[in-house]
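Structural overview
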Amino acid sequence: MTMRDIRIIGDPVLRTPSEPVTSFDADLRALVTDLMDTLLGAPGRAGVAAPQIGVNAQVFVYDADGHRGHMVNPTLELSDELSDDDEGCLSIPGLYFPTPRALHATAHGYDQHGEPLTIAGSGFLARALQHETDHLAGRLYVDTLRGDVRRRALRDIRAGRFDSPRRA
C-alpha cells in the first residue's frame, strides 16, 4: 500500500491545469493504485486527484455514495439545478463551506486501460465528480465561493486556520 502525501493549498501544483493522459500503460495503472491507496488509507475521504499527490495528470479516484472507481481525462455534463451543501478538501484540511454545485453530474472519460467510461450521479457523488474534476483544471472549491462565504474562507486560509497534517 502506497499512501502518498496530500499537497496543501499554496503548493503550485494545485493551481496548475493537469495534462491529459496519452499513455494508458503500467505507469498510469501504478498512479491509479497510489491514488486509491491514498483515498482509502484514511477514513472519510471521498476523492483524490493526481495534482493532490503532486502529479500533473488528468486522473482522479472517488468513493462516494457507494460508488468507487477512477477516471482519466474526464469531461462533465452538469444539470442546471444546484445544491448548496458544505464542502471541504483534503488540500485545505479542516475547513468546510457551503459550496454551490450542480445537483446532477455525468462524467465521461476513460478507465486506466483506455476504455471509455461514463459515471452519472446525483447529490454527493455529483459533488465529488465536480470537485475532483476541478482539481484537474487547477481549481479549488473555494474558487467557486461568493460573497461573505468567500471572504470568510479566504480569511481563514490566509490565517492558516486549517489543519496541517498531510495524511489526516
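Calculation notes
- Chains are numbered independently. Their residues run from 1 in the order of the written sequence.
- Residue-level local features of this predicted model are given only where pLDDT is at least 70; pairs of side-chain atoms are given and counted only at 80 or more, and the full residue set underlies all totals for whole chains, interfaces and linings.
- Remark: hydrogens and water are excluded; side-chain values derive from all non-hydrogen atoms of the structure.
- UniProt positions are given in the numbering used here, feature names are shortened, and annotations may be inferred rather than shown by experiment.
- The helix count covers DSSP runs of H or I at least four residues long, the strand count covers runs of E at least two residues long, and both are numbered beginning at the N terminus.
- The cut-offs for exposure are 20% and 50% of the maximum accessible area for each residue type, with area from a 1.4 Å probe on protein chains only; residues under the lower value are buried, those over the upper are exposed, and the others partly exposed.
- Contact criterion: two residues are considered in contact whenever any of their non-hydrogen atoms come within 4.5 Å of each other.
- Paired strands, in this sense, are two strands between which DSSP finds at least two bridges.
- Here, nonpolar core refers to any group of buried Ala, Val, Leu, Ile, Met, Phe, Trp, Tyr and Cys residues whose side-chain atoms link them within 4.5 Å.

As recorded by an unreviewed UniProt entry, the protein carries the name Peptide deformylase and is attributed to Micromonospora craniellae. Looking at the Function (unreviewed entry) heading of the UniProt record, one finds this comment for the protein: "Removes the formyl group from the N-terminal Met of newly synthesized proteins. Requires at least a dipeptide for an efficient rate of reaction. N-terminal L-methionine is a prerequisite for activity but the enzyme has broad specificity at other positions." Under the heading Catalytic activity (unreviewed entry), UniProt records this for the protein: "N-terminal N-formyl-L-methionyl-[peptide] + H2O = N-terminal L-methionyl-[peptide] + formate".

**Quick notes on the UniProt feature "binding site: Fe cation" (unreviewed entry) in the protein**
The UniProt record annotates "binding site: Fe cation" (unreviewed entry) at Cys-89, His-131 and His-135. Spanning 47 residues, the named residues form one tight spatial group whose C-alpha atoms are at most 10.1 Å apart. By the element assignment, His-131 lies in helix α2 (residues 124-136). Residue classification places His-131 among the buried positions, given a relative accessible area of 7%. Residues contacting His-131, with those up to four places away along its chain left out, are Glu-87, Gly-88, Cys-89, Arg-101 and Tyr-141. Structurally, His-135 can be placed in helix α2. With a relative accessible area of 1%, His-135 lands in the buried category. The residues touching His-135, leaving out its near neighbours within four places in the chain, are Ser-18, Ala-49, Pro-51, Gln-52, Cys-89, Ser-91 and Leu-140.

**Some words on the pairing of strand β7 (residues 116-122)**
Here strand β6 (residues 104-110) runs beside β7; their pairing, made up of 7 bridges, is antiparallel. Residue pairing for β7: Tyr-110 is matched across the bridge by Pro-116.

**Some thoughts on the nonpolar core**
Leu-28, Leu-31, Leu-35, Val-48 and Val-59 are the most contacted members of the largest nonpolar core, which totals 15 residues. For this core, the elements supplying multiple residues, two or more each, are α1 (26-40) and β2 (59-64). When residues of this core are assigned to their parent elements, the largest contribution, 6 residues, is made by α1. When sequence neighbours within four positions are dropped, the list of residues in contact with Val-59 reads Val-21, Leu-28, Leu-31, Val-32, Leu-35, Ala-49, Ala-50, Met-71, Val-72 and Leu-136. Judged by nonpolar contacts, the second largest core, of 14 residues, contains Ile-92, Leu-140, Leu-145 and Phe-162.

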